[in-house]
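Residue-level structure breakdown
Here's the letter readout for the chains.
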Amino acid sequence: MAEIRNIFDVAGRSMAAQMVRLNTVASNLANAGAVSGNKENAFRALKPVFETKFADALKRTGLSTVDAVDVKETTREPERVYMPSHPDSDLEGYVFRAAVDENEEMVEMLEASRQYQNNIEVVSTMRSLMMRTINMGK
Amino acid sequence: MNKISSHLDFYGQALRLRSRRNEVLASNIANAATPNFKARDLDFDTEIRRQIKQGPLQTTDQQHFPTNVAPGSEKMMYRDPINPSLDGNTVEMGVEQMEFSENVMRYQTTLQFLNGRITGLMSAIRGE
């Protein structure tokens, strides 16, 4: 991975990680309520794995950012619902509903977008500071 | 030259330290959702005092620039969280945001002082 040199690398990569998180939320919400004929094929909610990435020159710069290193399925089991009229239902008349908690996903979405905004805020503040510093003494 | 640089030196150092602290706080904000991340910070007062006391680095050649302290020698410390979260992350958004905005404000203040000094020097040079 590229070296973390400045504030733009820090915020940019953190925003990319939050974007992965928002993508998983979108996928989970899109699949909420989807049913499947067997347990193995039923959809399980996806979650990103965040990991801190420290700059190579951490001692000198103190910079660190975050990467979404992996996307994993949650271990929550799909719900078994009695729906004999469903064409995919098994011999006993059951289908498996996707293991997605909509409320949890909504909370996740809000938190991810808040943290995305925070990063943008940091960058725009730092950028205006840099512009002022460049114009020093004028 | 030496007189002019020593006239501006303190503010330059303060500015550098403020900007370093901004970067550290930005790293904390970037890691707000990372499990087990420990928020870090540096104490501006202690650092600026230490750097002033150390004085300029010794130069061995006439072409060397006298700088006050090697960059990156600041002592980083871990933040003591008010409400630690279950995933081991000690970044508290409110705290970090407040520290960041305070630091930005102080950076701008220092810049303003520095600008004032430069303007003073300029008007002395022009003889206005």
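Please refer to the structure placed before this passage.
Below or above, wherever it landed, is the structure these notes cover. (Residues numbered from 1 in each chain as written. Chains lettered and ligands numbered in written order. Predicted model: local features only at pLDDT ≥ 70, side-chain atom pairs only at ≥ 80, totals over all residues. Heavy atoms only, no water.)

**Things to note about the overall build of chain B**
From N to C terminus, chain B includes three helices and two strands. In chain B, the succession of helices and strands from N to C terminus is α-β-α-β-α. Here chain B holds 128 residues, and 41% of them are scored as buried. Within chain B, counting contacts between residues at least 6 apart in sequence, those at least 24 apart form 74% of the total. Accessible area of chain B: about 7,800 Å², with a carbon and sulfur share of 56%. (Helix = DSSP H or I, 4+ residues; strand = E, 2+ residues; numbered from the N terminus. Buried < 20%, exposed > 50% of the residue type's maximum accessible area, 1.4 Å probe, protein only. Contact = heavy atoms within 4.5 Å. Areas by Shrake-Rupley, 256 points an atom, 1.4 Å probe, with all protein chains shown as cover.)

**Remarks on the overall build of chain A**
Secondary structure summary: chain A contains three helices and five strands in total. Taken from the N to the C terminus, the helices and strands of chain A come in the order α-β-β-α-β-β-β-α. For 138 residues, the compact-globule estimate of 2.2 N^0.38 gives 14 Å, and the C-alpha radius of gyration of chain A, at 22 Å, exceeds that figure by more than 25%. In terms of principal-axis extent, the alpha carbons of chain A reach across some 80 × 30 × 15 Å. (Rg over C-alpha atoms; globule rule 2.2 N^0.38 Å.)

**Describing helix H3 (residues 102–134) of chain A**
Here H3 of chain A spans 48 Å end to end across 33 residues, near enough to the 48 Å set by a 1.5 Å rise per residue. Along H3 of chain A, the residues that are buried comprise Glu 105, Glu 108, Ala 112, Gln 115, Asn 118, Asn 119, Val 122, Val 123, Thr 125, Met 126 and Leu 129 of chain A. Packed against the buried residues of H3 of chain A are helix H1 (7–31) and strand S2 (46–54) of chain A together with helix H1 (2–30) and helix H3 (93–126) of chain B. The N-cap of H3 of chain A, judged by a side-chain oxygen 3.1 Å from the amide nitrogen of Asn 103 of chain A a few residues on, is Asp 101 of chain A. (Expected span 1.5 Å × (residues − 1). Polar contact = N/O pair within 3.5 Å; in protein donor to acceptor, adjacent residues only side chain to side chain.)

**Notes on the packing of H3 of chain A against H3 of chain B**
Put simply, H3 of chain A and H3 of chain B touch, their axes get as near as 11 Å, and they point 10 degrees apart. Relative to H3 of chain B, the element H3 of chain A lies roughly parallel. Together, Arg 114, Gln 115, Asn 118, Val 122, Thr 125, Met 126, Leu 129, Arg 132 and Thr 133 of chain A of H3 of chain A and Met 93, Gln 97, Phe 100, Val 104, Tyr 107, Gln 108 and Leu 111 of chain B of H3 of chain B make up the contact between the two elements. Of the residues belonging to the contact of H3 of chain A with H3 of chain B, the class tally is eight nonpolar, six polar and two charged. (Axes fitted to C-alpha atoms, helices over the stretch in contact; angles between N-to-C directions. Parallel < 35°, antiparallel > 145°, perpendicular 65-115°, else oblique. Nonpolar A, V, L, I, M, F, W, Y, C, P; charged D, E, K, R; others polar.)

**So, unusual backbone geometry**
Backbone geometry follows two general trends: most residues other than glycine have a negative phi, and most peptide bonds adopt the trans configuration. A positive phi is found at Asn 36 of chain B, a non-glycine position, where the angle reads about 65 degrees. Locating Asn 36 of chain B in the fold gives a position in the loop between H1 and strand S1 (40–42).

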